[in-house]
Amino acid sequence: MKILVLGAGVVGTAAACYLARDGHEVVVIERHDAAARGTSQSNAGLVSPGDATAWASPAALKTFLRALWDKDLGIKVRLRFDPHFLLWSLRFLGQCTMARCRANTDVKLRLALYSRDCINALSEEAAITYDQRRQGVLYFFRSKESLAHGTDNYRYLAERGLPIELVDRDRLVELEPGLAGAKHEIAGGVYSPLDQTGDSRMFTERLAAHCSDRLGVKFLFGTTVQGLDTDGDRVRAAITSAGAVSGDAVVISMGPESGLLGRRYGIDLPVYPVKGYTATVPIEDETNAPSLGGVDEDHFLAYSRLGNRIRLAATAEFAGFDRSHRPEDFAKLLRTGRDLFPGAFDARRAELWAGLRPMMPNSVPVIGRARFKNLYLDTGHGHVGWTMAAGSGKLLADLVAGRRPDIDPAGLVYRQ
Ligand SMILES: Cc1cc2nc3c(=O)[nH]c(=O)nc-3n(C[C@H](O)[C@H](O)[C@H](O)COP(=O)(O)OP(=O)(O)OC[C@H]3O[C@@H](n4cnc5c(N)ncnc54)[C@H](O)[C@@H]3O)c2cc1C
């Protein structure tokens, strides 16, 4: 089959790779001039089953409402009239029960663990390095109260098969000597040894090169998808800025923009953009720099060690498709990073970036056939798309082939 994959982020590129390995002729259509120039460009770098807890939860409901007035929170809501945001919010609120949170978390954890194995197998097979470290990730808390509440979520993940270690501040610093300077600010946390870190842009660019050199995948860069040419229950072609590109099947992997396209063709695809900010800083003093990835849960800050750089990430902001940023957007993030790793980096040398998480109301990605006989979705990976991309691509290729997937697909396969 000739399969069109729309979007060359980490999700679309991974899907293209698995589809091409199955012998399909694959064409990837991407509006930018290279792979991973959307959200996959500069995320926090965590490949983290430990971060599989769904965002919608009873606690998130309170945080979401508090964000309407507390401007210093890691979650920000810019109020404006946007029917899609209103609808998304209502559906998000509907997922904020403990039962829904747990059901969504189960599915995400299963996919994240599977995907971690897929990323490792794929990078070894394609001989790709991406500043990866397979040493685990630390999730830590500032106060005894937040520690007690937060570890409940991790205990739940542990019951579902994620190995974790509860750590006090001494053990935390033993695992991560880079946190010694902030030891007395931290109450304790959780170490997730299966979690890992790596540069998703480097991975995606190199995977795209492998796909094109070794698997014959054609990348149409600088080409914008404008619509679909449909005929009854089939899609005939993607209509692009370079004309119509025909295919036997089409996969939508356009990250935050997926919902905009899908909704035009009657697909229930409530992907909404949730903005986040990252700063990437070169390391100046190795002694105080992190070697593992981590999440400062009370300050909503995630970080990872990427070669001789530290990537710091924060904030979930509901601001539509606005990807702009100002230096002041990074002030708190850089301050927290400096407090955790004093002297490790010079904030004046930070590379600043903002991107949009393609977020579903239930935090579960959408994978499977939708509305048309030959239209597939692989999108909506939200806050853990780097973690779940490879496993999603493999699952999608299995569904296209009509094969039994290696992963239990319950709750994962989209049906419309
Ligand atoms: C601040 C921040 C931190 C994060 N940290 C982590 C983390 O630590 N771990 C983790 O697992 N995940 C993390 N994420 C989430 C993760 O980065 C995303 O889920 C993932 O990158 C989504 O990949 P994607 O391929 O679906 O989207 P994208 O990377 O956005 O790819 C979609 C592609 O489609 C293209 N496209 C869109 N519209 C069109 C069109 N009309 N025509 C042609 N092409 C089009 C875009 O240009 C883009 O290249 C983070 C996200 C943010 C914002």
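Residues numbered from 1 in each chain as written. Predicted model: local features only at pLDDT ≥ 70, side-chain atom pairs only at ≥ 80, totals over all residues.

1. Notes on the overall build of the chain
Condition: Think of it this way: any DSSP run of H or I at least four residues long counts as a helix, any run of E at least two long counts as a strand, and we number them from the N terminus. To get the radius of gyration, use the C-alpha atoms; to get the globule rule, take the number of residues to the power 0.38 and multiply by 2.2 Å. Buried residues are those with 20 or more other C-beta atoms within 10 Å of their own C-beta, exposed residues have 12 or fewer, and partly exposed residues lie in between; C-beta atoms are placed from the backbone. Contact definition: two residues whose C-beta atoms, as placed from backbone geometry, lie within 7 Å.
Tallying secondary structure elements over the chain gives 10 helices and 20 strands in all. Its C-alpha radius of gyration of 20 Å places the chain within 12% of the 22 Å reference for a compact globule of 416 residues. In terms of overall dimensions, the chain has a C-alpha envelope of 65 × 45 × 40 Å along the principal axes. Residues counted as buried form 53% of the 416 residues belonging to the chain. Partitioning the intrachain contacts of the chain with sequence separation of at least 6 by distance along the chain shows that 77% fall at a separation of at least 24.

2. Some remarks on the domain arrangement of the chain
Rules: Source of the domain bounds: an automatic or database domain assignment. When residue character is reported, Ala, Val, Leu, Ile, Met, Phe, Trp, Tyr, Cys and Pro are called nonpolar, Asp, Glu, Lys and Arg charged, and the others, Gly included, polar.
Looking at the chain, the domain boundaries give domain 1 (2-41 + 202-270 + 363-401) and domain 2 (55-102 + 131-196 + 272-359). For domain 1 and domain 2, the distance between their C-alpha centres works out to 28 Å. Each side of the interface is counted separately: domain 1 has 15 residues, and domain 2 has 15 residues. Taken together, the residues that form the side of domain 1 that touches domain 2 break down as three nonpolar, 12 polar and no charged.

3. Some details on the sheet that holds strand 19 (residues 366-369)
Applicable threshold: In this description, strands pair whenever DSSP reports at least two bridges between them. Angles run from 0 to 180 degrees between N-to-C directions of axes, and those axes are lines fitted to C-alpha atoms, restricted for helices to the stretch in contact.
With mixed pairing, the six strands of this open sheet are ordered in space as 9-2-1-13-20-19. Lying at the two open borders of the sheet, with one neighbouring strand each, are strand 9 (218-220) and strand 19. Strand-to-strand twist in this sheet, taken as the mean axis angle between neighbours without regard to direction, amounts to 20°. The pairing of strand 1 (residues 2-6) with strand 2 (residues 25-29) spans five bridges and is parallel.

4. Details of the site of the ligand
Quick note on the threshold: Whether a residue is near a molecule or strand depends on its C-beta atom, generated from backbone atoms, being within 6 Å of that molecule or strand.
What surrounds the ligand is a group of 40 residues, the closest being G9, G38, G255, G276 and G385. Within the residue set of the shell around the ligand, elements represented by two or more residues are helix 1 (10-21), strand 14 (272-282), strand 18 (351-359) and helix 10 (385-401). Looking at the shell around the ligand, its residues break down into 13 nonpolar, 22 polar and five charged. Looking at which domains feed residues into the shell around the ligand, each of domain 1 (2-41 + 202-270 + 363-401) and domain 2 (55-102 + 131-196 + 272-359) supplies at least three.

5. What to know about the pairing of strand 16 (residues 301-306)
Consecutive side chains of a regular strand alternate in pointing toward one face of the sheet and then the other. Counting buried positions along strand 16 gives six out of six residues, so the element sits mostly inside the fold. What you see with strand 16 is no split at all: L301, Y303 and R305 on one side and A302, S304 and L306 on the other are buried throughout. With three bridges joining them, strand 15 (residues 293-296) and strand 16 adopt antiparallel strand pairing. Note on strand 16: the bridge partner recorded for G294 is Y303. Counted between consecutive antiparallel strands, the loop separating strand 15 from strand 16 contains four residues, among which F300 sits at a positive phi close to 50°.

6. Some remarks on the environment of R311
In this fold, R311 is placed in strand 17 (residues 309-318). Classification of R311 as buried rests on a count of 26 C-beta atoms within 10 Å. With 199 residues separating them in the primary sequence, R311 and A112 have C-alpha atoms 21 Å apart. Excluding residues within four positions of it along the chain, R311 makes contact with A44, G45, T278, T280, Y303, S304 and L306.

7. What to know about the sheet that holds strand 12 (residues 243-246)
The three strands lie next to each other as 10-11-12, forming an open sheet whose pairing is antiparallel. A single partner strand is all that each edge strand has here, and the edge strands are strand 10 (225-231) and strand 12. Across the sheet, the mean angle from the axis of one strand to that of its neighbour is 30°, orientation sign disregarded. Bridge count between strand 11 (residues 234-240) and strand 12: four bridges; the pairing is antiparallel. Residue pairing across strands places I239 opposite A244, the latter belonging to strand 12.

8. Quick look at the packing of helix 1 against helix 10
To keep things clear, this is the line we draw: In a left-handed crossing the near helix is turned counterclockwise from the far helix by less than a right angle, and in a right-handed crossing that turn is clockwise.
Closest axis-to-axis distance for the helix 1/helix 10 pair is 8 Å, and the angle between their directions is 35°. Here helix 1 runs over helix 10; the crossing is right-handed. Contacts from V10, V11, A14, A15, C17, Y18 and L19 of helix 1 reach helix 10 at G385, W386, A389, A390, S392, G393, K394, L396, A397 and V400. By residue class, the composition of the contact of helix 1 with helix 10 is 13 nonpolar, three polar and one charged.

9. Concerning the packing of helix 4 (residues 98-125) against helix 10
Defined as follows: For classification purposes, an angle smaller than 35 degrees is called roughly parallel, one larger than 145 roughly antiparallel, one from 65 to 115 roughly perpendicular, and anything else oblique.
At a minimum axis separation of 7 Å, helix 4 and helix 10 run at an interaxial angle of 85°. The pairing of helix 4 with helix 10 is recorded here as roughly perpendicular in orientation. For the pair helix 4 and helix 10, contact is made by L111, A112, Y114, S115, R116, C118, I119 and L122 and by T387, M388, A389, A390, G391, S392 and K394, respectively. Counted by class, the contact of helix 4 with helix 10 contains nine nonpolar, four polar and two charged residues.

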